[in-house]
Amino acid sequence: MRYSNGTTTARPADVALNGTVVSAARAFNSTTNWDTWANSTLSVQLVAGANKVRLTATSANGLANLDYLDVDQQSTPPGGGGPAVPFGSHQFAYAAGTLKPTGAQGTLDQQVIDKYNAWKSAFLKQNCGNGWYQVISPDADHPYVAEAQGYGLVVTALMAGADANAKTAFDGLLKFVLAHPSVNNKDLLAAEQDVNCKSVNGSDSATDGDMDVAYGLLLADKQWGSTGTYNYKDLAVKHINAIKASEVNPTTKLLLLGDWSSSGDQYYYISRSSDWMIDHFRAFRKATGDASWDTIRTAHQNLITSQQTKYAASTGLLADFVVNTNTTPKPAPGEVLESANDGDFGWNACRDPWRIGADAVTSGDSASLASARKINSWIKSKTGGNANSIVTGYKLNGTAFDSGNDMAFTAPFAVAAMTDPGSQAWLDALWAKMVATQITPSVYYGGSVQLQTMIVASGNYWVP
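None of the values given here were measured: they were computed from a predicted structure. (Residues numbered from 1 in each chain as written. Predicted model: local features only at pLDDT ≥ 70, side-chain atom pairs only at ≥ 80, totals over all residues. Heavy atoms only, no water.)

Trainee: Where do I start with the sheet that holds strand β1 (residues 2–4) in this structure?
Mentor: Strand pairing in a sheet is mediated by backbone hydrogen bonds. Such pairs are either parallel or antiparallel. Taken together, three strands build an open sheet; the order of strands is β4-β1-β6 and the sheet is antiparallel. In this open sheet, the two edge strands, each paired with only one partner strand, are β4 (38–39) and β6 (65–68). Judged from the two bridges that link them, β1 and β4 form a sheet pairing that is antiparallel. Note that in β4 the partner of R2 across the bridge is N39. (Pairing = 2+ DSSP bridges. Helix = DSSP H or I, 4+ residues; strand = E, 2+ residues; numbered from the N terminus.)

Trainee: I would appreciate a short explanation of the pattern of salt bridges in the present structure.
Mentor: Opposite charge on two side chains lets them pair, provided their charged atoms get close. Evaluation of the coordinates by the stated rule reveals 15 salt bridges. One salt bridge connects D212 with R355, and the closest N-O pair in it is separated by 2.9 Å. Taken together, the positions of D212 in helix α4 (residues 207–224) and R355 in helix α8 (residues 352–363) put the pair 143 residues apart, joining distant regions of the chain. For the pair D212 and R355, one class covers both residues: buried. D420 serves as the salt-bridge partner of K380, at 3.5 Å between the closest nitrogen and oxygen. One end of the pair, K380, is in helix α9 (residues 366–383); the other, D420, is in the loop between α11 (412–417) and α12 (424–436), and 40 residues separate them in sequence. (Salt bridge = Lys/Arg side-chain N within 4 Å of Asp/Glu carboxyl O. Buried < 20%, exposed > 50% of the residue type's maximum accessible area, 1.4 Å probe, protein only.)

Trainee: Would you take a moment to explain the environment of V435 for this structure?
Mentor: Within the element layout of this structure, V435 appears in helix α12. You can call V435 partly exposed: its relative accessible area is 26%. On a C-alpha basis, the gap between V435 and M418 in space is 16 Å, while along the polypeptide they are 17 residues apart. With residues up to four places along the chain from it excluded, the contact list for V435 reads Q111, K115 and M454. (Contact = heavy atoms within 4.5 Å.)

Trainee: Where do I start with the packing of helix α3 (residues 166–178) against α4 in this structure?
Mentor: Between two packed helices, the angle of one axis relative to the other and the distance separating the axes together describe the packing. For the pair α3 and α4, the least separation of the axes is 12 Å and the interaxial angle reads 145°. In this structure, the crossing between α3 and α4 has a hand that is left-handed. When α3 is examined against α4, the residues A166, K167, F170, L174 and V177 are found in contact with a partner set consisting of V213, G216, L217, A220 and W224. Across the contact of α3 with α4, the residue classes break down as eight nonpolar, one polar and one charged. (Axes fitted to C-alpha atoms, helices over the stretch in contact; angles between N-to-C directions. Left-handed = near helix turned anticlockwise from the far one by under 90°. Nonpolar A, V, L, I, M, F, W, Y, C, P; charged D, E, K, R; others polar.)

The following block contains the structure:
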């Protein structure tokens, strides 16, 4: 779209293709004067035959001056060319009433791209040879963990279009994943690798990593198709089926901690709240046609609701770990896996507002909306709307047990804030905090959570 904007401010416009907005509030920035022209390029999938493109101004200033629309149609479909859902195309609308940070869409998108480039520079590496890529985790127990590789697959698939190297990076990460299978189920990922890129600590799996690996593969299938080097869809279905077989408790239908937990051990009826990725369950159901994933999803949503009601009525907070899932599920009474705060809102559960909120904004599900809004209402009140006041750990009654600050705790609350029409100022404060906080190469965890919540908050997340 060739345009001119001789004013000093952007003239944003919604770009619609065949009646569907594919780029909301796209920025048409100043060109200094009316005799200077610029191009705004957008990648979308056309339909056979006629296509109608409409630009609608989203500010009182009206449209920029439009010269012409040029269409450069690819000769190959997305599976053999560019991504089907390029970052910034906004092809999937969120649920009605969902908030986004204040500002032109193009500005929000660019802020995410800037943060992604910083994240990629800090953590996406090729340290192991073999054509592998890895997401390095300097602040985790080992240099390479399954959670990080899962994050990498999801992020690179979502950022395709903004990053010309996204598919290469994705395939390199996938090659690393496939080369490090769990000792218990070859279709799952071994949870930890050492500095020499060798699987260690039992070579068994971690459920959260596997959930994102499977989800990333489904995103890749939609982005690039499955007829290339890797059959993403086939690999995704194998991974999903392996999760069901080895990481879902057949009695409770709740996620296990990993494929190393088996009937009769002390961990078999313990589940980690940050693994409960409701939107992933929806995607697994769609990809496999297996109705068991509806049952699994409902079991987790019911557990979220009951835990909030019974143990965090005033806050909506969930514990890092829930025990006794076969009888009377409750927050861990003390250390069951990691620390004395396993029953509190700690370094695992801090991701819950993002995970629950992501389902709420993409599906509009009433249970997810209610759970996310309960958490949002509490944190907004607790901090008085000051994003700098969020600390690294709370009891379920809302009392802080730590005084640190980290984006792993701060950023996820932005996704929960999106679900409440009365939280625009609060969402804007959280967004400003995320934009202002630099990605630090020594803090993989907080930086990775920060980037992914910004992808969601900016309207660039979607469920395959």
